[in-house]
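# A structural walkthrough
Here is how the chains run, residue by residue.
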Amino acid sequence: MPPAPLASSSNKNSMSEETKKAAAPATPAGNASPAGNAGPGPGGDRRGPGGNNNRRGPGGPGGPRGPRRDNRNEGPASEYNDKVVHINRCSKVVKGGRRFNFAALIVAGDGKGRVGVGYGKAKEVPDAIRKGTDRAHRALVHVNLRNNTIPHEVIGRADGGVVMLRPASPGTGLIAGGGVRAVLEVVGLKDVLSKSMGSNNPQAIVKATLDGLAQLRTLEQIKSLRA
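The shown structure was predicted, so the numbers you read here are calculated from the model rather than taken from an experiment. (Residues numbered from 1 in each chain as written. Predicted model: local features only at pLDDT ≥ 70, side-chain atom pairs only at ≥ 80, totals over all residues. Heavy atoms only, no water.)

## Description of the overall build of the chain
Tallying secondary structure elements over the chain gives five helices and eight strands in all. When the helices and strands of the chain are read in sequence order from the N terminus, they spell out α-β-β-β-α-β-β-β-β-α-β-α-α. Buried positions account for 26% of the 227 residues belonging to the chain. In the chain, the proportion of contacts linking residues at least 24 apart, taken out of those at least 6 apart, comes to 52%. Carbon together with sulfur atoms contributes 50% to the accessible area of the chain, which is approximately 16,300 Å² in total. (Helix = DSSP H or I, 4+ residues; strand = E, 2+ residues; numbered from the N terminus. Buried < 20%, exposed > 50% of the residue type's maximum accessible area, 1.4 Å probe, protein only. Contact = heavy atoms within 4.5 Å. Areas by Shrake-Rupley, 256 points an atom, 1.4 Å probe, with all protein chains shown as cover.)

Structure below.
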């Protein structure tokens, strides 16, 4: 038998095109999108350029993020100036190990002639500071001042602490340290000379400083006492 005639090149091209069309997967009708409008991204992302469900911010699609509503840690500002003078740690040996307790010495004042001291104890440092601060706020006393210094020289004594306070000229600053400086700062003094001549115990120094400030008298008070 004679061989079959060869197919022409045009027939081959038409057959290859039909094969490609049949092998290509059909596109679902739900994923079809018109030209010029991009659909949602992979995984159902709604933040694509063509999505209408963009929920980023109160201003609509692409708007700025709104302010945070979580302001639980923002408490009211206190009118007092609190300072931590000393924190003491006490340990107790028990069967399972050691237990620690903390004690905080706090001084508080309003910077206008009122000052108080508090001593708080707790098993954690923040709780001890909070207790000492509350007690200092409840124990505020008034101190007689003269501008930014004290009216006259005084010597305060408490337990083993002895503190001398002397008025100074404007611009001198607070010549003090430790518990004495903390008390003078919260009461509102700026120009004072001081000298600690007794014990170095923080509680004794703070109490001696408060004793000296309690002895201050203005000129009008001294005149009324002598009259």
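## Focus on the confidence of the model for the chain
When the pLDDT values of the chain are averaged, the result is 79; 66% of them are 70 or greater. Note that pLDDT drops below 50 for residues 6-10; the model gives that stretch one contact with residues more than four away or on any other chain. This model gives residues 29-38 a pLDDT under 50, and the stretch forms two contacts once residues within four places in sequence are excluded. (pLDDT = per-residue confidence, 0-100.)

## Here we look at the sheet that holds strand β4 (residues 141-142)
Read across the open sheet, the four strands follow the order β1-β2-β3-β4; overall the sheet is antiparallel. Unpaired on one side and paired on the other, β1 (81-94) and β4 mark the two borders of the sheet. Docked against the sheet, helix α3 (residues 178-187) engages β1, β2 (97-109) and β3 (114-122), running at close to 140° with respect to β1. (Pairing = 2+ DSSP bridges. Axes fitted to C-alpha atoms, helices over the stretch in contact; angles between N-to-C directions.)

## Considerations on the sheet that holds strand β7 (residues 174-175)
Here four strands make up an open sheet; going across it, the order is β5-β6-β8-β7 and the pairing mixed. Two strands in the sheet have a free side with no partner beyond their single neighbour: β5 (154-158) and β7. Here five bridges tie strand β6 (residues 161-167) to strand β8 (residues 192-196), and the two strands are oriented antiparallel to one another. Looking across to β8, one finds that Arg 166 is bridged to Leu 193.

## Considerations on the side chain of Thr 149
Mapped onto the fold, Thr 149 is located in the loop between β4 and β5. For Thr 149, a relative accessible area of 8% gives the class buried. Engagement of the side chain of Thr 149 in a polar contact is seen with the backbone nitrogen of Ala 168, the distance being 3.3 Å. (Polar contact = N/O pair within 3.5 Å; in protein donor to acceptor, adjacent residues only side chain to side chain.)

## Thoughts on the environment of Ile 205
Examined against the element boundaries, Ile 205 turns out to sit in helix α4 (residues 202-214). Residue classification places Ile 205 among the buried residues on the basis of a relative accessible area of 13%. Sequence separation of Ile 205 and Arg 157 is 48 residues, and the distance between their C-alpha atoms is 8.5 Å. Among residues more than four places away in sequence, those in contact with Ile 205 are Val 163, Gly 179, Val 180, Ser 196, Ser 199 and Asn 200.

## Topic: the pairing of β5
Only one face of β5 is buried: it carries Val 154, Gly 156 and Ala 158, and the other face, with Ile 155 and Arg 157, is open. Here β5 hands over to β6 after two residues, with Asp 159 in that stretch at a positive phi of 55°.

## Let's talk about a positive patch on the surface
A cluster of basic residues, Lys 121, Lys 131, Arg 135 and Arg 138, forms a positive patch at the surface. When residues in the positive patch are grouped by element, the largest group, three residues, is from helix α2 (residues 125-138). The topology assignment puts Lys 121 in strand β3. (Patch = residues over 30% accessible without salt bridge, like charges linked within 9 Å, V, L, I, M, F, W, Y side chains within 5 Å. Salt bridge = Lys/Arg side-chain N within 4 Å of Asp/Glu carboxyl O. Lys, Arg positive; Asp, Glu negative; His and termini not counted. Charge placed at Lys NZ, Arg CZ, Asp CG, Glu CD.)

## Details of the environment of Thr 172
Summarising the element assignment, Thr 172 is placed in the loop between β6 and β7. Since its relative accessible area comes to 31%, Thr 172 is described here as partly exposed. With 23 residues separating them along the chain, Thr 172 and Thr 149 place their C-alpha atoms 10.0 Å apart. Among the polar contacts made by the side chain of Thr 172, one reaches the main-chain carbonyl oxygen of Ser 169 at a distance of 2.7 Å.

## Re the pattern of salt bridges
Summed over all chains, the structure comprises four salt bridges. Of the charged contacts, one joins Arg 181 and Glu 185 as a salt bridge, the two residues approaching to 3.1 Å between their closest N and O atoms. A residue pair is termed a helical-turn pair when its members lie 3 or 4 positions apart in one helix, as Arg 181 and Glu 185 do in helix α3 at four residues. Given the relative accessible area of 31%, Arg 181 is considered partly exposed. Each of Lys 83, Arg 181 and Glu 185 takes part in a single network of salt bridges with overlapping partners.

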